[in-house]
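So you can see what is in the structure, the chains are spelled out below.
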Amino acid sequence: MKNKLLGLAACLLALVLAVAAPLALPEHRTKPRVHQHRGALPEAPCTNPEDGGLCTYLPIVEIDTGGVTIPGRPIHSEEGTTSYVLAEDGQTTIAAQMKVIGTDTGEYHHANGTPDVESSVRIRVRGNSSRSFDKPSYAIRLVDAEGGNAPQSLMGMDAHHGWVLYGPWLDKTAVRNYLFYNLAGELMDYAPNVRYCEVIVDGEYQGLYLLAETITAGKNGARLPLEVSARGRTYSGYLLRLDHNLPETRSLRSFTEYTYIQDEALSLQLEFPGEKNRSEELEQQIRQDFSDFEKALYSYDYDREKYGYASRIDVDSFVDYFILNELAGNVDAGNFSTYLYKGTDGLFRMCVWDFNNACDNYFEAELGHEGFFMPWRLWYWMMMKDEDFTSRIITRYRQLRRGLLSEAALDQYIEETEAFLAPALARNDARWGDVALQASALLQPAGRNLTSRGAAEGQLKGYLHNRGAWMDDNIETLRQYSAPSHVKKFNEVND
Ligand SMILES: [Zn+2]
């Protein structure tokens, strides 16, 4: 009898596990997030005499353009417009060869070492204001002999064709993007993978860079679960980006744009499928699909389970995006560089990008550590009117502040990363000069321009201490946005 009961219990347990176990998790959710700075480091100093001018436990990226200037630097006209330097043949990118030497931080790598990866690439300078920095960032596409995408795994990250070599300049800690992409990678279904490396262009050492994968669809379950049929006729999933509305911008013109709910300075663009892989008809379908979502959100039924927004989004993704960007004081979030995708499961999710100016690192003025901004962002403005949504933000915030986002955890993460980067930053500063002179007058007022790596680390930790303490004291005030008196006019139909 006892055995029978045990057997029955085992069967029940198996059944419960089978039901509870995630059946088809995308690959990127089953892989633990890699935090490069926590990898093993070499135990002894390097004894290799053949250093080739560079000896580092970070991977090395060598780019060979054959001496051609990499295009993409800004040209500012007298009329105040900005254009970008083109290649000699009129294209925005040039062809180059790229080698990546080393993956593992447990050993030393040398500029003359055997490459782990070699590829032809197309390369250009990327960014907005950062295009004019002495140390530029680059956009790189791995290509085959015909110029088509040729994805490869770099530094242990999933194979991909599109990468950004981000050269920290304004962020004198060099950790902002690494820190917040990796925190997002622990919390959210997807966040761009990142690895630090050191870069050599045409034989000349260029210092510390962060290699990040661009946000787009991926093969074999990597990256975003998005697909488009070969002829661009049908899709399951797409990627959108909200950003500056520039003259050359091709807007999707969804519901919130043609109803003027969206700020005119913003433009929502279709990122995936790209222009070459979509028909006019497909673009129209996607515009309709996203407009349906926005209409549901901005309708009086927005908080009804069956018709409302909550059945169309992964609420956790929107909650975590809110919390990470608020904690970082990343006030561009929800306006610029704002990525949102619809996965093959039919749900919308947010994706983090660009924390370069976060934690009080904007040019114009000191922002301070008080106040919320996400409640005024396009889609959030309506979601915040739903009590369930504000409650979930508050509950999740409190939970994360006891763990991953606690003051102690953030301090430790920053300190460990700075220690990990110290030798590379010393080489970087030998290349670019005294830290006090790098990005020396970009922040206003002038006193905000820090003069040492240590001072920059102190500013970052200090900001997060103050910001976190302020949010701990004020997170409950988010309830005012969903208070019955505040949202009455939106709920009249339901009452
Ligand atoms: Zn060495």
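Reading the values: rules and limits
- Residues take numbers from 1 onward in each chain, read along the sequence in its written order.
- Totals for whole chains, interfaces and linings use all residues, but because this is a predicted model, local features are given only for residues with pLDDT of at least 70 and pairs of side-chain atoms are given and counted only at 80 or more.
- The basis for the side-chain values is all heavy atoms of the structure; hydrogens and waters are excluded.
- Pairing of aromatic side chains here covers Phe, Tyr and the six-membered ring of Trp, requires ring centres within 6.5 Å, and sorts the geometry by plane angle: under 30 degrees stacked, over 60 edge-to-face, intermediate tilted.
- Helix and strand definitions here come from DSSP, where helices need a minimum of 4 consecutive H or I residues and strands a minimum of 2 consecutive E residues; each element is numbered from the N-terminal end.
- Burial classes: relative accessible area under 20% of the type maximum marks a residue as buried, over 50% as exposed, and values in between as partly exposed (1.4 Å probe, protein chains only).
- In our convention, an over-ring charge means Lys NZ or Arg CZ found within 6 Å of a ring centre and within 35 degrees of that ring's normal.
- When DSSP locates at least two bridges between a pair of strands, those strands are taken to pair.
- Between N-to-C directions, angles cover 0 to 180 degrees, with each direction set by a line fitted to C-alpha atoms, over the stretch in contact for helices.
- In what follows, a contact means two residues having at least one pair of non-hydrogen atoms within 4.5 Å.
- Salt bridge, as used here: a side-chain nitrogen of Lys or Arg that lies within 4 Å of a carboxyl oxygen of Asp or Glu.
- When describing relative orientation, an angle under 35 degrees is termed roughly parallel and one over 145 degrees roughly antiparallel, while 65 to 115 degrees is termed roughly perpendicular and anything else oblique.
- Definitions for this section: a left-handed crossing has its near helix turned counterclockwise from the far helix by less than a right angle. A right-handed crossing has that turn clockwise.
- When residue character is reported, Ala, Val, Leu, Ile, Met, Phe, Trp, Tyr, Cys and Pro are called nonpolar, Asp, Glu, Lys and Arg charged, and the others, Gly included, polar.

Student: Please give an account of the packing of aromatic side chains that cites residues and values.
Tutor: Applying the stated criterion to the full structure yields 24 aromatic pairs. Aromatic pair Phe 290 and Phe 293: ring centres 5.5 Å apart, planes at 45°, arrangement tilted. Note that Phe 290 and Phe 293 are positioned in helix 5 (residues 280-297) at a spacing of 3 residues, about one turn of the helix. For Phe 290, a relative accessible area of 0% gives the class buried. Ring-pair connections join several aromatic residues into one group, and the members of that group are Tyr 235, Tyr 238, Phe 290, Phe 293, Phe 348 and Trp 379. Above the face of the Trp 381 ring, Lys 385 is positioned so that its terminal group lies 3.8 Å from the ring centre.

Student: How would you explain the sheet that holds strand 16 (residues 338-342) if you had to name every residue and give the values?
Tutor: The strand order across the open sheet formed by 4 strands is 15-14-16-17, and the pairing between neighbours is antiparallel. Each edge of the open sheet carries a strand with a single partner, namely strand 15 (266-272) and strand 17 (348-351). Pairs of neighbouring strands in the sheet enclose a mean axial angle of 25°, with direction left out of account. Pairing analysis gives 5 bridges linking strand 14 (residues 238-244) to strand 16, with the strands arranged antiparallel. Across the sheet, the residue bridging to Leu 240 is Leu 340, located in strand 16. Against the sheet, helix 5 engages strand 14, strand 15, strand 16 and strand 17, with an angle of about 75° to strand 14.

Student: Can you lay out the pattern of salt bridges for me, pointing to particular residues and giving the numbers?
Tutor: Inspection of the entire model under this criterion finds 22 salt bridges. With its nearest N and O atoms 2.6 Å apart, the salt bridge here joins Asp 171 to Arg 176. You'll find Asp 171 and Arg 176 in the same group, each marked buried. Residue Arg 349 is joined to Asp 314 by a salt bridge in which the shortest nitrogen-to-oxygen separation is 2.9 Å. Of the two residues, Arg 349 sits in strand 17 while Asp 314 sits in the loop between helix 5 and helix 6 (315-327), which places them 35 residues apart along the sequence. The exposure class of Arg 349 is buried, given its relative accessible area of 9%. A residue is classified by how much of its surface remains accessible, and Asp 314, at 15% relative accessible area, is buried.

Student: Pulling in residues and values, what's your account of the packing of helix 9 (residues 407-432) against helix 10 (residues 453-474)?
Tutor: Geometry of a packed helix pair, given as the angle between the helix axes and the separation of the axes. Close contact between helix 9 and helix 10 brings their axes to 11 Å; oriented N to C, the two are set at 160°. One way to sum up the angle between helix 9 and helix 10 is to call them roughly antiparallel. Crossing hand, helix 9 versus helix 10: right-handed. Taking contact as the criterion, the partners of Glu 407, Asp 411, Ile 414, Glu 415, Glu 418, Leu 425, Asn 428 and Asp 429 in helix 9 are, on helix 10, Arg 453, Glu 457, Leu 460, Lys 461, Leu 464 and His 465. Of the residues that constitute the contact of helix 9 with helix 10, the class distribution is 4 nonpolar, 2 polar and 8 charged.

Student: I'd like a description of the sheet that holds strand 2 (residues 60-64), backed by residues and values.
Tutor: Judged by pairing direction, the barrel is mixed, and its 7 strands sit side by side in the order 2-5-7-8-9-11-10 before closing back on the first. Geometrically, the sheet is characterised by an average inter-axis angle of 40° between neighbouring strands, direction not taken into account. Where strand 2 meets strand 10 (residues 194-201), 4 bridges bridge the pair, whose relative direction is parallel. Looking at strand 10, one finds that Glu 62 is bridged to Ile 200. In the packing of helix 3 (residues 176-187) onto the sheet, the strands contacted are strand 9 (162-166), strand 10 and strand 11 (204-213), and the crossing angle to strand 10 comes to about 145°. Here helix 9 sits on the sheet and contacts strand 10 and strand 11; the angle it forms with strand 11, its principal contact strand, is near 140°.

Student: So what's going on with unusual backbone geometry? Which residues, and what values?
Tutor: One can expect most non-glycine residues to show negative phi and most peptide bonds to be in trans. In this structure, Pro 273 follows Phe 272 across a cis peptide bond, with omega equal to 0°. Note that the residue after Gln 444, namely Pro 445, is joined by a cis bond; omega there is -10°. Mapped onto the fold, Pro 445 is located in the loop between helix 9 and helix 10.

Student: Run through the environment of Gln 288, naming residues and quoting values.
Tutor: Relative to the helices and strands, Gln 288 is located in helix 5. Classification of Gln 288 by relative accessible area gives partly exposed; the value is 38%. The spacing of Gln 288 and Thr 216 is 72 residues in sequence and 21 Å in space, taken between C-alpha atoms.

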